Amino acid sequence: MSYEMIALLMFSSMMIMLLTGQRVFAAIGAVAVIASLLLWGDGGSEIAFGAAMKLMKWYPLLTLPLFIFMGYMLSESGIADDLYKMFHVWMGPIHGGLAIGTILLMVAISAMNGLSVAGMAIGASIALPELLRRGYDKIMVTGVIQAGSSLGILVPPSVVLVLYGMIARQPVGQLWLAGVFPGLLMATMFIIYIVVRCKMQPHLGPALSKEERNVPFAEKLKLLQAGILPLGIFFSMTGLFLMGITSLVESSAVGATAATLAAIIKRRLTKEVMENTLRKTLAVSCMFMWIILAALCFGAVFDGLGAVKAIEAFFVDRLGLTPWEILILMQLSYLIMGTFLDDTAMLVIVAPLYVPLVKMLGFDLIWYGVLYTITCQIAYMTPPFGYNLFLMRAMAPPEVSLSDIYRSIVPFVLIMICALAIVMAFPQVALWLPDWHYSR
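Residues numbered from 1 in each chain as written. Predicted model: local features only at pLDDT ≥ 70, side-chain atom pairs only at ≥ 80, totals over all residues. Heavy atoms only, no water.

Q: Hey, could you run me through the packing of aromatic side chains in this one?
A: For any two aromatic rings, the description comes down to two numbers: the centre-to-centre distance and the angle of the planes. Enumeration over the complete set of coordinates arrives at eight aromatic pairs. Grouped by ring-pair contacts, the aromatic residues Phe181, Trp432 and Trp436 constitute a single cluster. (Phe/Tyr/Trp six-rings, centres within 6.5 Å; stacked < 30°, edge-to-face > 60°.)

Q: Explain the confidence of the model for the protein chain to me, please; I cannot follow it from the model alone.
A: Note that predicted coordinates carrying low pLDDT should not be read in detail. Summing up the model confidence of the protein chain, the mean pLDDT is 77 and the portion of residues at 70 or higher is 80%. By mean pLDDT, helix α16 (residues 307-318) is the weakest element of the protein chain at 63, and helix α22 (residues 410-425) is the strongest at 90. (pLDDT = per-residue confidence, 0-100. Helix = DSSP H or I, 4+ residues; strand = E, 2+ residues; numbered from the N terminus.)

Q: What exactly am I supposed to notice about the packing of helix α10 (residues 172-200) against α22 here?
A: Helix-helix packing is characterised by the crossing angle of the two axes and by the distance between the axes. Their axes nearest at 10 Å, the elements α10 and α22 cross at an angle of 140 degrees. For the element pair α10 / α22, the angle class is oblique. Crossing hand, α10 versus α22: right-handed. Across the interface between the two elements, Pro182, Leu185, Met186, Met189, Phe190 and Tyr193 from α10 touch Pro411, Phe412, Ile415, Met416, Cys418, Ala419, Ile422 and Val423 from α22. The residue makeup of the contact of α10 with α22, split by class, is 14 nonpolar, no polar and no charged. (Axes fitted to C-alpha atoms, helices over the stretch in contact; angles between N-to-C directions. Parallel < 35°, antiparallel > 145°, perpendicular 65-115°, else oblique. Left-handed = near helix turned anticlockwise from the far one by under 90°. Contact = heavy atoms within 4.5 Å. Nonpolar A, V, L, I, M, F, W, Y, C, P; charged D, E, K, R; others polar.)

Q: Looking at this structure, I do not really get the nonpolar core. What am I missing?
A: Note that soluble globular proteins tend to have their nonpolar side chains buried in a common cluster. Ranked by internal contacts, the top residues of the largest apolar core, which has 128 residues, are Leu64, Tyr164, Phe190, Ile292, Met330, Trp367 and Tyr368. What Trp367 contacts, discounting residues up to four positions off in sequence, is Trp324, Leu327, Val423, Met424, Pro427, Ala430 and Leu431. (Core = buried A, V, L, I, M, F, W, Y, C linked by side-chain atoms within 4.5 Å. Buried < 20%, exposed > 50% of the residue type's maximum accessible area, 1.4 Å probe, protein only.)

Q: Would you mind showing me how to read the pattern of salt bridges here?
A: Pairs can form between side chains of opposite charge once their charged atoms are near each other. A full pass over the atoms with the stated rule returns three salt bridges. In this structure, Lys138 and Asp404 form a salt bridge, with 3.1 Å as the shortest nitrogen-oxygen distance. With a gap of 266 residues between them, Lys138 in helix α8 (residues 138-149) and Asp404 in helix α21 (residues 402-408) connect regions that are remote in the sequence. What makes Asp404 buried here is its relative accessible area of 6%. The partner of Arg407 in a salt bridge is Asp404, with the nearest N and O atoms 3.9 Å apart. Of this pair, Arg407 and Asp404 both sit in helix α21, three residues apart, which is roughly one turn of that helix. What makes Arg407 exposed here is its relative accessible area of 53%. (Salt bridge = Lys/Arg side-chain N within 4 Å of Asp/Glu carboxyl O.)

Q: So what exactly am I meant to see when it comes to the packing of α10 against helix α23 (residues 428-439) here?
A: Relative orientation of the contacting elements α10 and α23 amounts to 135 degrees, with a least axis distance of 7 Å. Classified by the angle between their axes, α10 and α23 sit oblique to one another. Relative to α23, the crossing made by α10 is right-handed. Each of Gly173, Gln174, Leu177, Ala178, Val180, Phe181 and Pro182 in α10 lies in contact with α23, whose residues at this interface are Val429, Ala430, Trp432, Leu433, Pro434, His437 and Tyr438. The residue inventory of the contact of α10 with α23, partitioned by class, reads eleven nonpolar, three polar and no charged.

This is how it looks when you write it as C-alpha cells:
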C-alpha cells in the first residue's frame, strides 16, 4: 500500500470514529497508535511515548491550567455583573446602546478569560434577559451575543491560540499579539453595524426611558469603578508581559492570582467557589492535555509517512493550484468541519496536515494561526450544526426559537467573512504588533 493511501486510510478512519460519537482524543490517539504499531511494529510504541515526553517537557504548557483557572474564578467573582451595570447606565441613552455595551462587555470578558464558552454563558445569562426585557429585537440581540462571545478565542489571552502554539510550535506571545488588532477590528465592525442598523430601524434597539436616564452624575462616576478591577487584571497580566517584566508563564500566574484577589475583594471567595473552580480547571486542563497528546502522536505518524509532502505534490503538481488557492481551500474545509466539531477538535485533526503544508507554501505560521482562529469563529456560527448555535439554544429563554437563532447570525457571519478577507489581504493587520514588539 502506498504512503498516500495509508495517510488517506488513517484520516478516514479517524473521521468515522468521530462520527460514531467517540471522544476526540480517543479517536485520534487510537488511530495514531494502531497505525504506528502496524507500520513499524513494537518500535511504533516509541512514537506515542515520545509525544508524551515532548508534551510534558514543553514549559509554556503551564499557562493552560492557569488561564483556565483565571477564567472560572472571574466568572464566580461577579465582575461581569458590575461591568454590565456600568455599560447599561453609560450606553443606554442611545439607540442600540445596550447592544453596543454587550459587545464591549464581551471584549472585556474575552480579555480576562480567553474562552468563548465563558463569554456565551455570561452574555446569555446577564445581557440577553435584560435586552429582551427592554424591548430589543430578539433576533438582533441573539446574534450580538453569539458574535461577541466568539471574540474570546481571538482576543488575548486566547486559550485556542495557546493550543495552536503548542501544536504548531510557535511562540504563544507572538500569537497573542497577532490576535489583538484582528479582534479589535471585528469588535469595531460589529459596533458599526449595530449603530447603523439601529439608526435606520430605531425600534430594534430602543433607548432608555427618561426616568432610567435620570441618574446623578456622581453615581455614573461611581459605576465607572466597575471597570477598574478588570483593567487592573488585564494590565497585571498582559501589560506586564508586553513591557517585558514577566514571561508568558509568569503573566498567566499573575492573572490567576489577580482573579483570585478580585474574588476576595468582592467577598465571593468561599470554600465552595474555590472547590468548583479547581474541579472545573482540572477537568478542562486534563481534557486539553489528552487532546494535545493525541494530536502530537498523530502528527508524528504523518511525518514518518511523508504524507505532508505527498499532499503538497498532489495540490501543486497534479492539480496545479497556487499557494493562495490551496490556502482558501483549507479555510473552506474549516468552515465545513466547524458545522459539527469544536475548535480544538478541528485543530488537532488537521494540524498535522495543514501546519507543515502552510510552512512549505511559504506562509507565516503566526499569521495563519489568526486566520485559523477567525475561520473557527465563523464556523461556530454557521448552520446547520454550528457549535455556538446550539450553545445559544440551550441558554436562551423559550421565546427565542432555533429559527430566530439561525436568522440572527447572518449579518454577523458576513461581517466576520469581511474581517477574514481583510486579514488575508493585509497580513500586517495581524503581524505588525508582534513584529514591532519583538523588534524592540
